Amino acid sequence: MALYSNVIRDRFRRPRFRGMLERPDVAGEDVNPLCGDRVRIQGRLADGRLAEARWSGDCCAISAASADLLLEMVQGQPAGLAGELTPASLLERLDSDIRPSRMKCVALPLTVLQGALKKEATR
Amino acid sequence: MSMGEKCRRDFPILSRIVNGHPLVYLDSAASSQKPVAVIEAVQRYYETNHANVHRSIHTLGEEATERYEGARDAVRAFIGARSREEIIFTRGTTDGINLVAQAVGRTLAPGDEIIVTEMEHHSNLIPWQMACRDHGTVLRAIPVVDEGYLDLDVFARLLSPRTKVVAVAHVSNVLGTINPVAQIAEQAHRVGALVLVDGAQSVPHLPVDVAALGVDFFAFSGHKMLGPTGIGVLYGRREVLERLEPAWGGGEMIKEVWIDHAQWNDLPWRFEPGTPPIAGAVGLHAAVEYLGKLGMSEVSAHEQALTAAAMEALAPIPGVTLYGPRNPQMKGAVLAFNVEGFHPHDGAALLDQHGIAVRAGHHCAQPLMKRLGIVGTLRASFSVHTTAAEIARLAEAVAALRSEL
């Protein structure tokens, strides 16, 4: 398995969900303690669904691809879906030889999204 | 034959194949590899001499004490300290700085000031932040100018009778800048401040004479200078150590103990509670002998030539930015750089595929990264065993990076 699969290379070069929303209903950001990278995720909710989601931040190719794939998986889906996802769901899609030292890069976008939705749910 | 080619044979790990390529180890600034002399010294010690030091009344205990105290004498000579009482064995640079921050911290009063620099490794920043939290002291920082030097005009203005401690790296672990610590110490002493120097990146690479530098404390690590992990050295000027209370208590650091009080041991043991890293000291002794035989002026010339070669090889590669002084004569054995569009961790992971080990990230210097406006850098660092051919391999792999992601 490649260190950086075509999936990662493609998402890193041509992210589909990178950007900012003008009036997000949910938003979150966190830092990867390994590298100080920051990932922000914003979402718009409608009828219990995550109608639209975008990510931003300066981060490595793995985090970028992970964020982009994650938002592809959850956009348009019931908001509760994000809570059911695990890093393993992302690993499967990334199709790369992710070393233990880079697992945080995979997991960070998911933690950020789940945190943002939880914050919204308890508001 | 160059020093690098000659020394390579002494480092067993350098014969490793990593990801199908001969290992190019360019991460000595994080932790250096070990020559056979060090590995064997530690093994021989455990096989023949090991026991606890200082109070074991038997042959092995005496031998272990002799080896441990012998290491102290070797380190004293290596860094030009005047007396063995000034050499305190620690767990590493971080441990040594924390020791000073604790012990000196207790002498500070609210409103006193501590001066650090914007280029400090977290190990020479966080202990001082904690001292400020605990004692109401104020932290000030000498800024870094664009080319990676300290702004000494600002330093002169920051100094005042309130300044009690100036804590500065001898060589930046990112920029490689060799700071003028003798001059800084002289200025700091004029206002009565104590000066601590983080020597983690200088002792392994440059001739160091702590007495000539005129500093009060000088901390460094064994594992960055070809020695084992878990051993470090804190040099403390005798007159200063004598008036400080010990940082930590325990066995070995006392002369006599009653249930409610105790009398401290003499220097340097007063600052060495508990069983010390004896094998680490033995290994460090071997490392100091190894470096001593090479000669630190020769080591420094060899590594400076490599730094210059790396700068020359990397600078013309499209998208490459180098950080720190442009004059290699002003740099230690590290070179930080970035490749446009590449996160440092992706760069390091791809270089590793070529068997090239470099460091990537913020290098425990986040305030410096913020100052430079970047999340991190790649960093190649050099040692006695590094060769010009390895620098060429690095440059080749860096040039190819953009086609790989």
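Residues numbered from 1 in each chain as written. Chains lettered and ligands numbered in written order. Predicted model: local features only at pLDDT ≥ 70, side-chain atom pairs only at ≥ 80, totals over all residues.

Caption draft 1: Spatial organisation of the sheet that holds strand β16 (residues 359-361) of chain B. All names here are of chain B. Taken in spatial order, the 4 strands line up as β13-β14-β17-β16 in an open sheet, and their pairing is antiparallel. Lying at the two open borders of the sheet, with one neighbouring strand each, are β13 (320-322) and β16. When strand polarity is set aside, the average angle formed by the axes of neighbouring strands in this sheet is 30 degrees. Of the pairings in the sheet, the one linking β13 to strand β14 (residues 334-339) comprises 3 bridges and is antiparallel in character. Residue pairing across strands places Leu322 opposite Phe337, the latter belonging to β14. Packed onto the sheet, helix α11 (residues 296-314) meets β13, β14 and β17 (377-381) and runs at close to 10 degrees relative to β14. (Pairing = 2+ DSSP bridges. Helix = DSSP H or I, 4+ residues; strand = E, 2+ residues; numbered from the N terminus. Axes fitted to C-alpha atoms, helices over the stretch in contact; angles between N-to-C directions. Contact = placed C-beta atoms within 7 Å.)

Caption draft 2: Here's a closer look at the packing of helix α1 (residues 6-13) of chain A against helix α2 (residues 61-74) of chain A. Residues and elements named next belong to chain A. Direction vectors running N to C along α1 and α2 enclose 85 degrees, while the axes themselves pass 8 Å from each other. When the interaxial angle is binned, α1 and α2 end up roughly perpendicular. Along the contact surface, α1 presents Val7, Ile8, Arg11 and Phe12, while α2 presents Ala61, Ile62, Ala64, Ala65, Asp68 and Leu69. Taken together, the residues of the contact of α1 with α2 sort by class into 8 nonpolar, no polar and 2 charged. (Parallel < 35°, antiparallel > 145°, perpendicular 65-115°, else oblique. Nonpolar A, V, L, I, M, F, W, Y, C, P; charged D, E, K, R; others polar.)

Caption draft 3: Broad picture of the interface of chain B and chain A. Between chain B and chain A, the contact holds 12 residues from the first and 11 residues from the second. Of all elements in the fold, only α12 (344-352) and α13 (366-372) of chain B reach the threshold of two or more residues within the side of chain B that touches chain A. Examining the composition of the side of chain B that touches chain A, we find that 3 residues originate from one element, α12(B), more than from any other.

Caption draft 4: Spotlight on the confidence of the model for chain B. Per-residue confidence for chain B gives a mean pLDDT of 97, with 100% of residues at or over 70. Taken together, the chains of this predicted complex give a pTM of 0.93 and an interface ipTM of 0.86. (pLDDT = per-residue confidence, 0-100.)

Caption draft 5: Summary view of the environment of A:Arg18. Residue and element names in this part refer to chain A. Within the secondary structure layout, Arg18 lies in the loop between α1 and β1 (26-31). Among the residues examined, Arg18 registers 15 C-beta atoms within 10 Å and is labelled partly exposed. Once you skip the residues sitting within four places of it in the chain, Arg18 turns out to touch Arg54, Trp55, Ser56 and Asp68. (Buried ≥ 20, exposed ≤ 12 C-beta atoms within 10 Å, placed from the backbone.)

Caption draft 6: Fine view of the sheet that holds strand β2 (residues 38-46) of chain A. All names here are of chain A. The strand order β1-β2-β3 describes an open sheet built from 3 strands, whose pairing is antiparallel. Strand pairing shows two members of the sheet lacking a second neighbour, β1 and β3 (49-56), which therefore form its edges. Ignoring strand direction, the axes of neighbouring strands in this sheet form an average angle of 20 degrees. Together, β2 and β3 form the strand contacts of α2, whose direction differs from that of β3 by roughly 170 degrees. Strands β1, β2 and β3 of the sheet are contacted by helix α5 (residues 103-121), whose axis makes an angle of about 140 degrees with β1.

Caption draft 7: A look at the environment of B:Arg133. As for its placement among the helices and strands, B:Arg133 is situated in helix α5 (residues 126-135). C-alpha of B:Arg133 to C-alpha of B:Ala305: the two residues are 172 residues apart in sequence and 43 Å apart in space.

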